[in-house]
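Reading the structure
Listed here are the chains, written in short residue letters.
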Amino acid sequence: MVINGGMQMDNELKRSVDYSRKRLQAIRNCESKVADILWKSTQKIIAASKRYRGAGRLTNESALLSYAKNVTAEAEESINSYISAYSKASCKILGIDSENIESFLVSDIYGKTTSERNAVYLGNFAEDIVRMIKAGTLMGYSDQQLLSSIRTGYKDPYHTSVITKAKRKDINIDVPSYGKGYYKNAYQNIVRNASQVIALAWGQAEQEYGQESGAVGYFVHRGSSFPCPVCDDLCGYVHSLDTMVIPAHVSCKCRVEFAFRRK
């Protein structure tokens with residue numbers, strides 16, 4: 001019979017709740033760091049764009065794009081470092097070795113490594129910023145207007161931003177399509193990639209902890225009242241330690257509670 005009893009149950013409940021809370025905090029912290037890096041890169045590109053703008057047009061769009069991609073490429077190392085640090089924080093909290101998580105971070109995840117995926121998304125992000133600069137320039141924006149318009153719209157440039165304003169004036173700005181399952185704007189892809197990798201790393205670390213602790217399985221408990229059929233279907237029975245199903249998705253707030261045989 002699988003059961004937790006007495007003090008063991010209390011300790012595991014506390015660990016479960018604390019770990020889930022800290023996992024979500026790690027993801028939020030990394031998202032904040034990534035947002036700061038991307039905005040600083042954006043400011044740098046906007047400032048340099050003065051060299052490539054004149055008379056209401058971009059005088060050398062390809063040169064500006066090349067510069068922008070160099071700027072975002074420089075940001076890749078910092079973003080990867082934060083993803084790694086917040087992923088490995090799970091091991092420190094659980095008191096386990098980080099070797100498996102380090103291997104996970106450099107492995108293929110859904111066909112690409114974290115670094116490879118970030119490199120692609122950061123290149124796309126540079127293209128998004130250049131498109132916004134082009135749209136503002138063609139509409140005759142001043143330097144200050146351009147900065148303000150990009151600040152308010154760079155996280156979602158293809159819905160409500162200087163680009164959509166330009167298109168309403170019949171100014172043609174290409175809108176990218178990266179394929180099914182990807183956001184049109186690179187900002188969200190970069191942030192989602194970081195969040196997803198950290199969530200998966202924390203799940204793997206917790207699975208390893210359960211195996212090392214002698215657990216015989218685990219229960220899933222909802223951490224949110226928001227309706228989610230995916231998470232609902234995972235609750236109410238014991239899962240095998242061969243597979244870790246939590247986090248079930250990138251914004252999952254569910255928690256894992258390990259089950260042990262009564263001694």
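Conventions adopted
- Residues numbered from 1 in each chain as written.
- Predicted model: local features only at pLDDT ≥ 70, side-chain atom pairs only at ≥ 80, totals over all residues.
- Heavy atoms only, no water.
- Phe/Tyr/Trp six-rings, centres within 6.5 Å; stacked < 30°, edge-to-face > 60°.
- Helix = DSSP H or I, 4+ residues; strand = E, 2+ residues; numbered from the N terminus.
- Buried < 20%, exposed > 50% of the residue type's maximum accessible area, 1.4 Å probe, protein only.
- Pairing = 2+ DSSP bridges.
- Salt bridge = Lys/Arg side-chain N within 4 Å of Asp/Glu carboxyl O.

Side note on the packing of aromatic side chains
Under the criterion given, the structure shown has 7 aromatic pairs. When the centroid spacing of 6.4 Å and the interplanar angle of 70° are considered together, the rings of F125 and Y154 count as edge-to-face. Here the residue F125 occupies a position in helix α4 (residues 114-138), and Y154 occupies one in the loop between α5 (143-153) and α6 (162-168), the gap between them amounting to 29 residues. The class of F125 is buried, set by a relative accessible area of 0%. With relative accessibility at 6%, the residue Y154 sits in the buried group. For the pair Y218 and F258, a centre-to-centre distance of 6.3 Å together with 75° between the ring planes defines the contact as edge-to-face. With Y218 in strand β3 (residues 217-221) and F258 in strand β4 (residues 255-259), this pair connects stretches of sequence that are 40 residues apart. Accessibility expressed as a relative area gives 0% for Y218, which makes it buried.

A short note on unusual backbone geometry
Omega for the peptide link from I246 to P247 comes to 5°, which places this bond in the cis form. Structurally, the position occupied by P247 is in the loop between α8 (229-232) and β4. A positive phi angle is found at A55, which is not glycine, with a value near 55°. Note on A55: relative accessible area 83%, which makes it exposed. Backbone geometry at D170 places phi at a positive 65°, although glycine is not the residue there.

Regarding the pairing of β4
The buried count for β4 comes to 5 of 5 residues, which makes it a mostly enclosed element. By the bridge criterion, 5 bridges tie β3 to β4 in an arrangement that is antiparallel. Looking across to β4, one finds that H221 is bridged to R255.

Considering the pattern of salt bridges
Summed over the entire model, instances satisfying the criterion amount to 14 salt bridges. In this structure, D36 engages K40 in a salt bridge whose closest nitrogen and oxygen atoms are separated by 3.2 Å. Of this pair, D36 and K40 both sit in helix α1 (residues 6-48), 4 residues apart, roughly one helical turn. With its nearest N and O atoms 3.2 Å apart, the salt bridge here joins R255 to E257. Given the relative accessible area of 11%, E257 is considered buried.

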